[in-house]
Amino acid sequence: SSQCLSAQHLLSQNQLPLRQSWCVDGDLETESPRVLSKMEGSVSSHEPVCVEVKEKEYCIHTASDLGSGHSLSIVARPTAADAILAAFLASGTTPLLYKHGLEIRSVPDKGKGLVTAISIKKKETILLERAYVVASAQGFANAARSQDQLLFDAVVDQLSVVDQEVVMSLDMGLGNKSIENIMKTNAFACQLEDGSVGDGYICLFPSVSRINHACQPNAHARFIPKTLQMEVKALRDIGAGEEISISYDKIDLKYAERQQSYKDGWNFSCTCSLCTASRADIAGSDERRARFAQLRKMLENLTADTYDAQQIVAWEKEVMEISAREGLDVLLAADYERLAYVYAGHGMVRDAKLWAEKAKESLLEWVAVEGGPNNEVRRLDALLAELNA
Ligand SMILES: C[S@@+](CC[C@H](N)C(=O)[O-])C[C@H]1O[C@@H](n2cnc3c(N)ncnc32)[C@H](O)[C@@H]1O
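Residues numbered from 1 in each chain as written. Predicted model: local features only at pLDDT ≥ 70, side-chain atom pairs only at ≥ 80, totals over all residues. Heavy atoms only, no water.

J.: Explain the pattern of salt bridges residue by residue, including any values.
T.: Applying the stated criterion across every chain yields a total of 18 salt bridges. Notably, a salt bridge pairs Lys 233 with Glu 365, separated by 2.6 Å at the nearest N-O pair. With Lys 233 in strand β15 (residues 229-234) and Glu 365 in helix α10 (residues 349-366), this pair connects stretches of sequence that are 132 residues apart. Judged on exposure class, the residue Lys 233 and its partner Glu 365 are both buried. Of the charged contacts, one joins Glu 316 and Arg 338 as a salt bridge, the two residues approaching to 2.6 Å between their closest N and O atoms. Highlighted residues: Glu 316 in helix α8 (residues 309-326) and Arg 338 in helix α9 (residues 333-345), separated in sequence by 22 residues. This pair shows no difference in class: Glu 316 is buried, exactly as Arg 338 is. A single salt-bridge network, built from bridges that share partners, covers Lys 123, Lys 233, Glu 361 and Glu 365. (Salt bridge = Lys/Arg side-chain N within 4 Å of Asp/Glu carboxyl O. Helix = DSSP H or I, 4+ residues; strand = E, 2+ residues; numbered from the N terminus. Buried < 20%, exposed > 50% of the residue type's maximum accessible area, 1.4 Å probe, protein only.)

J.: Just give me the short version of helix α1 (residues 78-90), but keep the residues and values in it.
T.: Between its first and last C-alpha atoms α1 spans 18 Å; for 13 residues at 1.5 Å apiece the expected length is 18 Å, and the two agree. Among the residues of α1, those classed as buried are Ala 80, Ala 81, Ile 84, Leu 85, Ala 87 and Phe 88. With its buried residues spanning 155° around the axis, α1 presents them on a single face. Exposed side chains of α1 directed beyond 90 degrees from the buried face belong to Asp 82 and Ala 90. (Expected span 1.5 Å × (residues − 1). Arc of directions from axis to C-beta.)

J.: How would you sum up helix α5 (residues 179-186)? Please name residues and give values.
T.: Burial analysis of α5 places 6 of its 8 residues in the buried class, the great majority of the element. Taken as a whole, α5 has its buried residues at Ile 179, Asn 181, Ile 182, Met 183, Thr 185 and Asn 186.

J.: Please provide a residue-by-residue account of the sheet that holds strand β9 (residues 125-130), values included.
T.: Strand order across the open sheet formed by 4 strands is β6-β9-β15-β14, with antiparallel pairing between neighbours. Looking at which strands have only one partner, the edges of the open sheet turn out to be β6 (97-98) and β14 (219-224). Where β9 lies against β15, 5 bridges are found, and the strand directions are antiparallel. If you follow Thr 125 over to β15, its bridge partner there is Lys 233. Packing against the sheet, α10 makes contact with β14 and β15, and its axis sits at approximately 75° to β14. (Pairing = 2+ DSSP bridges. Contact = heavy atoms within 4.5 Å. Axes fitted to C-alpha atoms, helices over the stretch in contact; angles between N-to-C directions.)

J.: Describe the site of the ligand, listing the residues and the values that go with them.
T.: With respect to spatial proximity, 18 residues lie near the ligand, and among them Lys 110, Lys 112, Arg 210, Asn 212 and His 213 are the closest. Lys 112 is positioned such that a nitrogen or oxygen atom in its backbone is 2.7 Å from a nitrogen atom of the ligand. Interatomic distance of 2.6 Å between a side-chain N/O atom of Arg 210 and an oxygen atom of the ligand. When the ligand is considered free in solution it has 570 Å² of accessible area, and contact with the protein chains removes 93% of it. Going through the elements one at a time, α5 and β13 (212-213) are the ones with two or more residues in the shell around the ligand. (Near = heavy atom within 4 Å. Polar contact = N/O pair within 3.5 Å; in protein donor to acceptor, adjacent residues only side chain to side chain. Areas by Shrake-Rupley, 256 points an atom, 1.4 Å probe, with all protein chains shown as cover.)

J.: Kindly report on the packing of α9 against α10, identifying the contributing residues and their values.
T.: Between α9 and α10, the least distance of the axes is 8 Å, while the angle of their chain directions is 160°. Considering the angle they form, α9 stands roughly antiparallel to α10. Viewed along their axes, α9 and α10 form a crossing whose handedness is left-handed. Here Ala 333, Tyr 336, Glu 337, Leu 339, Ala 340, Tyr 343 and Ala 344 of α9 lie close against α10, whose contacting residues are Asp 351, Ala 352, Trp 355, Ala 356, Lys 358, Ala 359, Ser 362 and Leu 363. Classifying every residue of the contact of α9 with α10 gives 11 nonpolar, 1 polar and 3 charged. (Parallel < 35°, antiparallel > 145°, perpendicular 65-115°, else oblique. Left-handed = near helix turned anticlockwise from the far one by under 90°. Nonpolar A, V, L, I, M, F, W, Y, C, P; charged D, E, K, R; others polar.)

J.: So what's going on with the state of the cysteines? Which residues, and what values?
T.: A covalent bond between the sulfur atoms of two cysteines is what we call a disulfide. For the coordinates displayed, the defined rule picks out 2 disulfides. The disulfide that involves Cys 50 links it to Cys 59, with 2.1 Å between the sulfurs. Disulfide Cys 50-Cys 59: torsion about the S-S bond near 105°, hence right-handed. With a sulfur-sulfur separation of 2.0 Å, Cys 190 is cross-linked through a disulfide to Cys 203. The sign of the S-S torsion, about 80°, decides the handedness of the disulfide formed by Cys 190 and Cys 203: right-handed. Taken together, the positions of Cys 190 in the loop between β11 (188-189) and β12 (201-204) and Cys 203 in strand β12 put the pair 13 residues apart, joining distant regions of the chain. Exposure remark for Cys 190: the relative accessible area of 2% places this residue in the buried category. Looking at Cys 203, the relative accessible area reads 0%, which means it is buried. The thiol of Cys 215 is not disulfide-bonded; the next cysteine sulfur, from Cys 272, is found 3.7 Å away. (Disulfide = S-S within 2.5 Å.)

J.: How would you explain the packing of aromatic side chains if you had to name every residue and give the values?
T.: Evaluated as defined, the whole model comprises 8 aromatic pairs. Ring geometry for Phe 205 versus Phe 223: centroids 6.2 Å apart, planes at 55°, classification tilted. Of this pair, Phe 205 sits in the loop between β12 and β13 while Phe 223 sits in strand β14, and the two are 18 residues apart along the sequence. For the residue pair Phe 205 and Phe 223, the accessibility class agrees, reading buried in each case. The rings of Tyr 248, Tyr 262, Trp 266 and Phe 268 are connected pair by pair, giving a single aromatic cluster. Over the aromatic face of Tyr 132 sits the side chain of Arg 130, whose NZ or CZ is 4.0 Å from the ring centroid. The ring centre of Trp 366 lies 5.6 Å from the NZ or CZ of Lys 233, which sits over that ring. (Phe/Tyr/Trp six-rings, centres within 6.5 Å; stacked < 30°, edge-to-face > 60°. Lys NZ or Arg CZ within 6 Å of the ring centre and 35° of its normal.)

Bear in mind that shape data such as this cannot, by itself, settle questions of function.
Given below as structure tokens:
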């Protein structure tokens, strides 16, 4: 239904759930605002506005850092809000890191976009920005159904005046000017530590949200749970005058899948260079992406009985060729790791180390972050230690 908010921007394809349903059954009963004790120190907090849905309480809690003027609105269960507030406090007064030469400009067919006036090197951090709003997807959907405008007003009204202006000037998509539409058009899925409540979350980063989507993007965004920041890094060298782009959904989707996803989830038809290429070029890209998916499935499904080192090496070579062509390198850490094990299994320690190092580097570059999933890094460290022994 139109009340269901779905499919927010999907970032790191390895660590985030593909889609979050924002739809929650049942009606809302709103409660009168409850007063909680104010935050200590230099952070002030508004009294939370709460609603109860099916015996679960969701509150809008806003904290402002009096020193920096930064504010953060949180829509979450009370336990989760405490954990998120702790991250806000721990992150201190992290400034917006904005690479010199970036400009928000009108771009053809896509409203505004982020353009760089100077060249950027592969792997450079382009943008590092704090969250302005963190919302439980479930809580936000509940609030959306409550028709209690008070709740949504609080998300914005309790932010600092400067932050309010920034948030309310964002793209509304096709909808009217409301925080609901702003979140739907601009928020990213963000997986964070929420005190074991286990909700899905969406986060709003106003500058990052000026970056348009492309199906072969030149940049990659990843969420840093520990500091509630979003980091955008260059996937390749970017030339002066180029628009910065990221992928909002999984990066390896085929044409029809992507068009559907962007229509359903964000309500736009993608006009990126890959989607507006010739039919032949789109078909060629789709074919490579289908083969990429097939190869990875075969590799993942290998068992001790079907294990064949030569076959694996040949398949991985093909995976890497397709990846280079289609710009899928952020997905390859598992493939590098697989090769490391194949070579280690054949006593080829030098090659094994090379691939293990490459896998680790790829994870640290694009996936693993402070407070985020880093089991893979630990596993690779153990492998490297064994190879070095
Ligand atoms: C997160 S905002 C991006 C910034 C936005 N263009 C602005 O003016 O603030 C998402 C919106 O930008 C537009 N957009 C982003 N990527 C696009 C693409 N590849 N093709 C067409 N429109 C796109 C759509 O209107 C979408 O709803």
